[in-house]
Amino acid sequence: MAATDVDIFSNEEKRNLNLGGHVGFDSLPDQLVSKSVTQGFCFNILCVGETGIGKSTLMNTLFNTMFENEEASHYQNGVYLRPRTYDLQESNVHLKLTIVDTVGFGDQINKEESYKPIVDYIDTQFENYLQEELKIKRSLFNYHDTRIHICLYFIAPTGHSLKSLDLVTMKKLDSKVNIIPIIAKADTISKSELHKFKIKIMSELVSNGVQIYQFPTDDEAVTEINSSMNAHLPFAVVGSVEEVKVGNKTVRARQYPWGVVQVENESHCDFVKLREMLIRVNMEDLREQTHARHYELYRRCKLEEMGFKDTDPDSQPFSLQETYEAKRKEFLGDLQRKEEEMRQMFVNKVKETEAELKEKERELHEKFEQLKRMHQEEKRKVEEKRRDLEEEMNAFNKRKVAAETLSLSQPLKKDKDRK
Amino acid sequence: MTSSGRFKSRPVKSAVFQEKEYVGFATLPNQVHRKSVKKGFDFTLMVAGESGLGKSTLINSLFLTDLYKDRKLLNAEERISQTVEIIKHTVDIEEKGVKLKLTIVDTPGFGDAVNNTECWKAITDYIEQQFEQYFRDESGLNRKNIQDNRVHCCLYFIPPFGHGLRPVDVEFMKALQDKVNVIPLISKADCLTPAEMKKMKDRVREEIEKFGIKVYQFPDCDSDEDEEMKQQDRELKESAPFAVIGSNTTVEVKGQRMRGRLYPWGIVEVENQSHCDFVKLRNMLIRSHMHDLKDITCDVHYENYRAQCIQQMTSKLTQDSRVESPVPILPLSTPDVETEKLIKMKDEELRRMQEMLQKMQQQMHEQDL
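Residues numbered from 1 in each chain as written. Chains lettered and ligands numbered in written order. Predicted model: local features only at pLDDT ≥ 70, side-chain atom pairs only at ≥ 80, totals over all residues. Heavy atoms only, no water.

Here is the rule we go by: UniProt positions are given in the numbering used here, feature names are shortened, and annotations may be inferred rather than shown by experiment.
For chain B, an unreviewed UniProt entry supplies the name Septin and the organism Triplophysa rosa. Heading Subcellular location (unreviewed entry) of the UniProt record for chain B holds this comment: "Cytoplasm". UniProt annotates chain B under Sequence similarities (unreviewed entry) with the comment "Belongs to the TRAFAC class TrmE-Era-EngA-EngB-Septin-like GTPase superfamily. Septin GTPase family."

As recorded in an unreviewed UniProt entry, chain A goes by Sept8a protein and comes from Triplophysa rosa. Taken verbatim from the UniProt record of chain A, the Sequence similarities (unreviewed entry) comment is "Belongs to the TRAFAC class TrmE-Era-EngA-EngB-Septin-like GTPase superfamily. Septin GTPase family."

In structure tokens, the structure reads:
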């Protein structure tokens, strides 16, 4: 029987075989690489931080270019997100970079709703991807992935601890996106203060259960550098696009009356570490994590909400497509029923109105008839009166004539009598 | 004495010369000096601003002491819904025989919560309380030992990380401008390069003017002061708002120990005028304008409060008296009632007539049919 054959095959253990010569499938990674290079890469960064904290400057410094952006004002009514997409190229590798800025974050007096626009934006990107995935005719390889791969959270360098807004926002974001907290404008904190500040921040994050992104330590090639970097979180960065001459080199730095802060000097700030981790080592891992962990979590929650389950009441594995089709049919059926109902209602209403109108018409007719009859009646009466009047007139005329003849004959008679 | 009878308008000679025309009231300043040293001075300073902007460090640097030993700072979680507290620290310090009772009013929790609506209310209430207390003491019978707890000056710390004033800054300063002398400061000035500093100061000045915020204005110096003083005065006015840096630690610079901040790329000296405006602030606050701040508090802010208070009290009195007296002062109430009754009656009549009219119309209509 076919079933038992299948069983036999799946129970077989996998055996390791030795190769007698060079086959050549060790070029598979290279093939993959060349395919991705021709396809181009896509990376989306979300920068969350107060106005003026240095988000745009850091992006300019990281990617060594001047992304166009205007200074934001402090007087926005709420937080809104501003995504900008750029096409960058280095050697033969194309990168489609989207930088999303939070404008107005931290400026309002009441910041209770500040995190909402950010969460909504991230969810919308996930939703768009989910919709594309669920389409019947889909083109995922061509799809411009706008899901946020990394959220850089800019912490103000107060030197004490996190702000309450930071804590609240990071808690809302940690299950949706990879968060890397960074200390902005770090040239305002001395070394000893920085050490204490970092410890305080990490302990606050841990004690409040905020899950920030940990650089992966499972790949032997990068495990050493990643685990040492994990210990330096949060990175204290300084950004600058201005160049200052130091010694006989021109480096990107900030010039103060008391010294020059060099951006790429590891003893001045952790910028180099951030760039290393974010771009040179872990960019691909960030994309993977976003897809495998955060997006899957979103997808599961969303589909469960819609009523899908992995197994039906009989514990038979459900096919998503079947369930989806069933749901669609149900939905369409509902729609049709509703349409019918509405049509019925409309017809009923029309009938009612028609009946009313007929009734009114009848009434009007009746009234008309009544009026006509009355009119006839009156006419008759008037006719009668007229006849009466005529008769009277005739009678009167007769009498008049009679009287006249009488009067004519009377005087003769009288004369006769006298004679 | 012969000199007392002759009031000739002669120029006053120095007190050393015991001339016949010398009256001697040129020693009045000395007498004032002596008495005031004996009495001692007091000054109440309020500091306000979000936490982490260096307020405590600046106070320590200004008065060269450590007011904030064993201070407990709250975690971010605890600050989510924190309310503003008012904490007073009083210290007695002495310098060259002059005693100063310094009170620092701290406002922890300001601007730290997630929802900061009206977070300045606690502060304005506190200031008004002090005014009220002084007002009551002043109007009392025994006025020997009045304690003056009125706030003479409020240093407001603006964060340097933004592009200028934020809404909470504007609201706070507007709420306090009529109650206390507000001096805005740009804190943690080692965050800004000189070009950025200039831009920030211009921005803040613009916005202060745009929103009509009345900050403390330095009084013009007298026209007969020498050029140096005038120059200093001008510089002072031009560098407002002051950009300050504070430090609790001392560093060694060129063999000298002074307050500063040590960075890998250099040392920031707190008292170096090219690094920050700390010296200007200190000179203004302590060395030249302390008394002016007190005067303005007494003469302007307190008097405004007092006038307001008295007005409110008198208007309340007249209101109360109107209700209590049996004979109405203004005969507005009774005629109102009468006319209202008339109006009501007329209304009723109108209604009745309308009804009758309707009935008649109906009858006619029926008759017609």
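**Concerning the overall build of chain A**
The test is simple: Strands here mean DSSP runs of E at least two residues long; helices mean DSSP runs of H or I at least four residues long; both are numbered from the N terminus. The globule rule used here is 2.2 Å times the number of residues to the 0.38 power, and the radius of gyration it is set against is calculated over C-alpha atoms. The contact criterion used is simple: two residues touch if any of their non-hydrogen atoms lie within 4.5 Å. For every accessible area listed, the method is Shrake-Rupley and the probe measures 1.4 Å; residues are considered covered only by the protein chains on display. Note on charges: Lys and Arg go in the positive column, Asp and Glu in the negative column, and His and the chain ends are not counted at all. By convention, charge coordinates are those of NZ in Lys, CZ in Arg, CG in Asp, or CD in Glu.
Each helix and strand in chain A was counted, giving ten helices and nine strands. Taken against the 2.2 N^0.38 rule, which gives 22 Å for 419 residues, the C-alpha radius of gyration of chain A at 47 Å runs more than 25% over that of a compact globule. With respect to the three principal axes, the spread of C-alpha positions in chain A is 180 × 85 × 45 Å. When contacts within chain A are restricted to residue pairs at least 6 apart in sequence, long-range pairs at least 24 apart make up 66% of them. Accessible area for chain A stands at about 27400 Å²; split by element, carbon and sulfur atoms hold 53% of it. Side-chain charges of chain A comprise 63 positive and 72 negative groups, with the mean position of each set lying 12 Å from the other.

**A closer look at the pattern of salt bridges**
Here is the rule: The term salt bridge refers to a pairing of a side-chain nitrogen on Lys or Arg with a carboxyl oxygen on Asp or Glu at a separation within 4 Å. Only protein chains enter the area calculation, which uses a 1.4 Å probe; residues under 20% of their type maximum are buried, those over 50% are exposed, and those in between are partly exposed.
For the structure on display, the rule yields 47 salt bridges over all chains. In this structure, Lys 198 of chain A and Asp 270 of chain A form a salt bridge, with 2.8 Å as the shortest nitrogen-oxygen distance. On the criterion of sequence distance, the pair formed by Lys 198 of chain A in helix α6 (residues 191-207) and Asp 270 of chain A in the loop between β9 (259-262) and α8 (271-281) is long-range, its members being 72 residues apart. When sorted by exposure, Lys 198 of chain A lands in the same class as Asp 270 of chain A, which is buried. A salt bridge links Glu 271 of chain B to Arg 282 of chain B, with the nearest nitrogen and oxygen atoms 3.5 Å apart. Of this pair, Glu 271 of chain B sits in the loop between β9 (266-269) and α8 (278-288) while Arg 282 of chain B is found in helix α8, placing the two residues eleven residues apart along the sequence. Residue class for Arg 282 of chain B comes out buried when judged on its relative accessible area of 10%.

**A word on the interface of chain A and chain B**
Note the following rule: Buried area is a sum: the accessible area each of two parts loses on coming together, probed at 1.4 Å, counted once for each and added. Two N or O atoms form a polar contact when they lie within 3.5 Å of each other; inside protein one atom must be a possible hydrogen donor and the other a possible acceptor, and for residues adjacent in sequence the pair counts only when both atoms belong to side chains. In the scheme used here, Gly and all other residues not listed as nonpolar or charged are polar, with Ala, Val, Leu, Ile, Met, Phe, Trp, Tyr, Cys and Pro taken as nonpolar and Asp, Glu, Lys and Arg as charged.
Between chain A and chain B, the contact holds 45 residues from the first and 54 residues from the second. In this assembly, chain A packs against chain B so that about 4200 Å² is buried in total across both faces, 55% of it on carbon and sulfur atoms. Summed over the three residues of chain A that lose the most area to chain B, namely Tyr 75, Ile 109 and Trp 258 of chain A, the buried surface amounts to 20% of that side. Across the contact surface, chain A and chain B share three salt bridges. A salt bridge links Lys 163 of chain A to Glu 50 of chain B, with the shortest nitrogen-to-oxygen separation between them at 3.2 Å. Where chain A touches chain B, the interface holds 17 residue pairs in polar contact (both at pLDDT 80 or more). Sorting the residues of the side of chain A that touches chain B by element identifies α5 (164-173), α6, β8 (249-256) and β9 of chain A as the ones contributing at least two each. Grouping the constituent residues of the side of chain A that touches chain B by class yields 17 nonpolar, 16 polar and twelve charged.

**Concerning the sheet that holds β9 of chain B**
Residues and elements named next belong to chain B. Where we set the bar: Should DSSP find at least two bridges between two strands, the strands are taken to pair. To obtain each axis, a line is fitted to C-alpha atoms, and for helices this fit is confined to the stretch in contact; angles are then taken between N-to-C directions over 0 to 180 degrees.
Strand order in this open sheet of three strands is β7-β8-β9, and the pairing throughout is antiparallel. With partners counted over all chains shown, the strands left at the sheet margins are β7 (250-253) and β9, one partner each. When the angles between neighbouring strand axes are averaged without regard to direction, this sheet yields 65°. By the bridge criterion, four bridges tie strand β8 (residues 256-263) to β9 in an arrangement that is antiparallel. Across the sheet, the residue bridging to Tyr 263 is Gly 266, located in β9.

**Observations regarding the UniProt feature "domain: Septin-type G" (unreviewed entry) in chain A**
Under the feature "domain: Septin-type G" (unreviewed entry), the UniProt entry names residues 39-305 of chain A. When the span residues 39-305 of chain A is considered, its composition is 37% helix and 22% strand, and the gap between its end C-alpha atoms is 35 Å.

**Let's talk about the packing of aromatic side chains**
Put simply, the rule reads: Stacked, edge-to-face and tilted labels apply to pairs of Phe, Tyr and Trp rings (six-membered ring for Trp) whose centres lie within 6.5 Å, assigned for plane angles under 30 degrees, over 60, and everything in between, in that order.
Taken as a whole and judged by the stated rule, the model has 18 aromatic pairs over all chains. With 5.4 Å between their ring centres and 40° between their planes, Phe 131 of chain B and Tyr 305 of chain B make a pair best called tilted. Remark: Tyr 305 of chain B occurs in helix α9 (residues 290-324) and Phe 131 of chain B occurs in helix α4 (residues 121-139); sequence separation between them is 174 residues. When sorted by exposure, Phe 131 of chain B lands in the same class as Tyr 305 of chain B, which is buried. By way of ring pairs, the aromatic residues Phe 126, Tyr 129, Tyr 143, Tyr 295 and Tyr 298 of chain A are connected into one cluster.

**As for the confidence of the model for chain B**
Residue and element names in this part refer to chain B. Rules: Every residue is assigned a pLDDT by the predictor, reflecting its confidence on a scale from 0 to 100.
For chain B, mean pLDDT is 81; residues scoring 70 or higher make up 87% of the total. Within chain B, strand β4 (residues 153-158) carries the highest mean pLDDT (92), whereas helix α1 (residues 2-5) carries the lowest (44). Low confidence marks residues 1-13, where pLDDT is under 50. Its contacts with residues over four positions away, or in another chain, come to five contacts. Per-residue pLDDT stays below 50 along residues 323-333; that stretch engages in one contact with residues further than four places along the chain or on separate chains.

**Re helix α9 (residues 283-306) of chain A**
All names here are of chain A. Quick note on the threshold: Working rule for helices: expected span equals 1.5 Å times residues minus one. Bend, in this description, refers to the angle at a residue between axes fitted to the seven residues ending there and the seven starting there.
Spanning 24 residues, α9 covers 33 Å between terminal C-alpha atoms, matching the ideal 34 Å at 1.5 Å per step. Maximum bend of α9: about 35°, positioned at Tyr 295. All buried positions along α9 are accounted for by Met 283, Asp 285, Leu 286, Thr 290, His 294, Tyr 295, Tyr 298 and Leu 303. The inward-facing, buried residues of α9 contact β1 (41-48), β3 (93-103), α4 (115-134), β4 (150-155) and α8. Backbone geometry just downstream of α9 places Gly 307 in the positive-phi region, at approximately 105°.

**Let's talk about a nonpolar patch on the surface**
Put simply, the rule reads: For patches, a residue must show more than 30% relative accessible area and have no salt bridge; joins then use 9 Å for like charges and 5 Å for nonpolar side chains, namely Val, Leu, Ile, Met, Phe, Trp and Tyr.
There is a patch of nonpolar side chains on the surface, built from Leu 19, Val 23, Phe 25 and Leu 28 of chain A and spanning about 440 Å² of accessible area. By secondary structure assignment, the location of Leu 28 of chain A is in helix α2 (residues 28-39).

**Some details on the pairing of β8 of chain A**
Residue and element names in this part refer to chain A. As paired elements, strand β7 (residues 243-246) and β8 share four bridges and run antiparallel to each other. Residue Val 246 lies in a different strand from β8, and its bridge partner there is Lys 249. Where β7 folds back on β8, the antiparallel hairpin that results is connected by two residues, among which Gly 247 adopts a positive phi of roughly 65°. Where β8 meets β9, four bridges bridge the pair, whose relative direction is antiparallel. In the strand pairing of β9, Gln 255 is matched with Val 260.

**As for the packing of α4 of chain B against helix α5 (residues 167-176) of chain B**
Residues and elements named next belong to chain B. Applied cut-off: Reported orientations rely on four angle classes, namely roughly parallel under 35 degrees, roughly antiparallel over 145, roughly perpendicular from 65 to 115, and oblique for the rest. In a left-handed crossing the near helix is turned counterclockwise from the far helix by less than a right angle, and in a right-handed crossing that turn is clockwise.
Put simply, α4 and α5 touch, their axes get as near as 10 Å, and they point 15° apart. As judged from the angle between their axes, α4 and α5 are roughly parallel. For the element pair α4 and α5, the recorded crossing hand is right-handed. Where α4 approaches α5, its residues Ile 123, Thr 124 and Ile 127 are matched on the opposing element by Phe 172, Ala 175 and Leu 176. Classifying every residue of the contact of α4 with α5 gives five nonpolar, one polar and no charged.

**Points about the UniProt feature "site: Important for dimerization" (unreviewed entry) in chain B**
According to UniProt, the positions carrying the feature "site: Important for dimerization" (unreviewed entry) are Phe 161 of chain B. Take Phe 161 of chain B: it is sitting in the loop between β4 and α5. Judged by its relative accessible area of 2%, Phe 161 of chain B is buried. With sequence-adjacent residues up to four places away left out, Phe 161 of chain B is seen in contact with Thr 51, Gly 52, Ile 53, Ala 156, Pro 157 and Lys 185 of chain A together with Leu 53, Lys 188 and Cys 191 of chain B.

**Details of the sheet that holds β1 of chain A**
Residue and element names in this part refer to chain A. As summarised here, the arrangement of the six strands in space is β2-β3-β1-β4-β5-β6, forming an open sheet in which the pairing is mixed. Only two strands of the sheet have a single neighbouring strand rather than two, namely β2 (80-90) and β6 (235-236). Against the sheet, helix α3 (residues 55-63) makes contact with β1, β2, β3, β4 and β5 (179-183), and its axis sits at roughly 170° relative to β3, the strand it touches most. Seen against the sheet, α4 touches β1, β2 and β3 and runs at an angle of roughly 50° to β2.

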